[in-house]
Amino acid sequence: MLPIDHIFPALSEPKKIFITTHQKPDADALGSTLGLYHYLLQKGHTPTVVIPNELPDFLHWMPAIDTVLNYDSESKLCEQVLAESDLIFCLDFNHLSRIKGLEQPLRNATQPRILIDHHLQPEADVFYCGTSNPDKSSASEMVYDFILQCGDAELINDAIAQCLYTGAMTDTGSFRFPATTGSVHEMIAFFKNRGLEHSIIHQYVYDSWSANRMKFLGFALYEKMDIAASGKYGIIALSTKDMEPFHLTSGDTEGLVNYPLSIAGVQVAVLITEKSGEIKMSFRSKGNIDVSTFARTYFNGGGHFNAAGGKSDTGFEATVAKVKSLIDNIIP
Ligand code: 5GP
Ligand code: MN
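It should be emphasised that the depicted structure is a prediction, and the values quoted were computed from it without experimental measurement.

What counts, and where the lines are drawn
- For every chain, the first residue of the written sequence is number 1, and numbering continues from 1 onward in sequence order.
- To read the labels, note that chains go from A and ligands from 1, taken in the order they are written.
- Predicted model: local features are reported for residues with pLDDT of at least 70 only, side-chain atom pairs are reported and counted for 80 or more only, and whole-chain, interface and lining totals are derived from all residues.
- Side-chain measures here rest on the full set of heavy atoms in the structure, leaving out hydrogens and waters.
- A run of DSSP states H or I qualifies as a helix once it reaches four residues; a run of E qualifies as a strand once it reaches two. Both are numbered from the N-terminal end.
- Here a residue-residue contact requires only that any non-hydrogen atoms of the pair lie within 4.5 Å.
- Polar contacts, as counted here, are pairs of nitrogen or oxygen atoms within 3.5 Å of one another; within protein the pair requires one atom able to donate a hydrogen and one able to accept it, and residues that are adjacent in sequence qualify only if both atoms are side-chain atoms.
- Whether two aromatic rings pair depends on their centres lying within 6.5 Å, for rings of Phe, Tyr and Trp, where Trp uses its six-membered ring; planes under 30 degrees apart make the pair stacked, over 60 edge-to-face, and the rest tilted.
- Each residue is placed in one exposure class: buried if its accessible area under a 1.4 Å probe, protein chains only, is under 20% of its type's maximum, exposed if it is over 50%, and partly exposed if it falls in between.
- Geometrically, a lysine NZ or arginine CZ counts as sitting over a ring once it is within 6 Å of the ring centre and also within 35 degrees of the ring normal.
- Nearness is defined per residue: one heavy atom within 4 Å of the molecule or strand is enough.
- Throughout, the Shrake-Rupley method with a 1.4 Å probe supplies accessible areas, and for residues the shown protein chains are the sole cover considered.
- Residue type decides the class: Asp, Glu, Lys and Arg count as charged, Ala, Val, Leu, Ile, Met, Phe, Trp, Tyr, Cys and Pro as nonpolar, and the leftover types, Gly among them, as polar.

Engineer: Looking at this structure, I do not really get the environment of histidine 45. What am I missing?
Structural biologist: Along the polypeptide, histidine 45 turns up in the loop between α1 (27-42) and β3 (46-51). Residues histidine 45 and glycine 151, 106 residues apart in the sequence, show an inter-C-alpha distance of 17 Å. Apart from the residues within four sequence positions on either side, histidine 45 is in contact with Leu11, Glu13, Pro14, Lys15, Ile17 and Leu40. At 2.9 Å, the side chain of histidine 45 forms a polar contact with the backbone nitrogen of lysine 15.

Engineer: How should the packing of aromatic side chains be read in this particular structure?
Structural biologist: Where two aromatic rings form a pair, the distance of their centres and the angle of their planes describe that pair. According to the stated counting rule, one finds 14 aromatic pairs in the structure shown. With a centroid separation of 4.7 Å and 15° between ring planes, the pair formed by tryptophan 61 and tyrosine 204 is classed as stacked. Of this pair, tryptophan 61 sits in the loop between β3 and β4 (69-70) while tyrosine 204 sits in helix α7 (residues 199-206), and the two are 143 residues apart along the sequence. Owing to a relative accessible area of 18%, tryptophan 61 belongs among the buried residues under this scheme. Taking relative accessible area as the criterion, tyrosine 204 reaches 37% and is therefore assigned partly exposed. Taken together, the ring pairs in this structure connect Phe8, Tyr39, Phe89 and Phe146 into an aromatic cluster. We note lysine 322 situated over the ring of phenylalanine 299; from NZ or CZ to the ring centre the distance is 4.7 Å.

Engineer: I tried to follow the site of ligand 1 on my own but got confused; where do I start?
Structural biologist: Not every one of the 14 residues close to ligand 1 is listed here, only the nearest: Arg98, His119, Lys280, Ser282 and Arg284. Serine 282 is positioned with one of its side-chain polar atoms (N or O) 2.6 Å from an oxygen atom of ligand 1. Here a nitrogen atom of ligand 1 sits 3.2 Å away from a polar atom, N or O, in the main chain of glycine 302. For ligand 1, the protein covers 82% of the area, taking 490 Å² as the surface of the free molecule. When residues of the shell around ligand 1 are traced back to their parent elements, those giving at least two are β11 (278-285), β12 (302-303) and β13 (307-312). Residue composition of the shell around ligand 1, by class: 2 nonpolar, 8 polar and 4 charged.

Engineer: What am I meant to see in the environment of isoleucine 236 here?
Structural biologist: Relative to the helices and strands, isoleucine 236 is located in strand β9 (residues 233-238). Along the sequence, isoleucine 236 and alanine 269 sit 33 residues apart, while their C-alpha atoms lie 8.0 Å from each other. Ignoring any residue separated from it by four or fewer positions in sequence, one finds isoleucine 236 in contact with Ala220, Leu221, Lys224, Met225, Leu256, Pro260, Val270, Leu271 and Ile272.

Here is the structure:
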């Protein structure tokens, strides 16, 4: 993979640009792709954001969200957009296995693929050029860096600032995780100096729960959170049957994994969910505990050092037992 500036010459003329991100897109996935979309639009390009599957309700306010195509529900249209595009930008993921049904169409595509991502272990040989930096807070921050590198800081308008703020805010846990560097705060200062209203974004993202979701949180913490006898890890395991009564929608389990980490002494938190026969896991850790390698080694997953995910096909109960039997090995 070459450095990202190798794509600059191609961007000097109007291009059709396919922009995509990981499945189950979160706020950084949408924030970074739509931030880039609004930038490329101003440069005279024709960008389209295509996501592998549905987006969470709490992101429906984002600028230009109505232009986003969903591969799950509009495959033919998405394949047509892909076929007609000149360039493919891949944001907030680094392995084509992270884009579900879009994986094969993207692997077969002959256009240059450009990576902007902050996860560990990129599948570097599938990208023509790009930037991959696990020290960055968010893909959204990296899109900001990209715009600056292109010399276009003055093109950062309200839509771009809103999108990139949202991604950086959520991926840093509202600016508290270690990846919240001085550069993150400098970016936010830049947005604020240009008039960004940040409070409304916090309201959209964090104060938009349904009553059902709040009751579900209470249930999950009271009935389903299991803190190890050692006090060092907490697991929340939710089967399809557990979740059924709450009529959850996409995004309703977002953030749930963080709760056990708020307990003093807990160093690793795990969320295990069973949805439509699939078992998904989220791992979070504090300090020097590498959950990314853990997820990759045992659960066909990956992610960041302190925040990773994986999947399992060995059944719900067996998966919970497997996590419990292995997790002590990574906790000092
Ligand atoms: P979450 O727990 O919020 O779903 O994901 C946490 C982090 O791990 C995210 O950065 C996400 O991209 C990554 N991640 C989640 N699930 C998987 C997976 O199955 N495979 C890989 N490689 N990364 C994952
Ligand atoms: Mn991200």
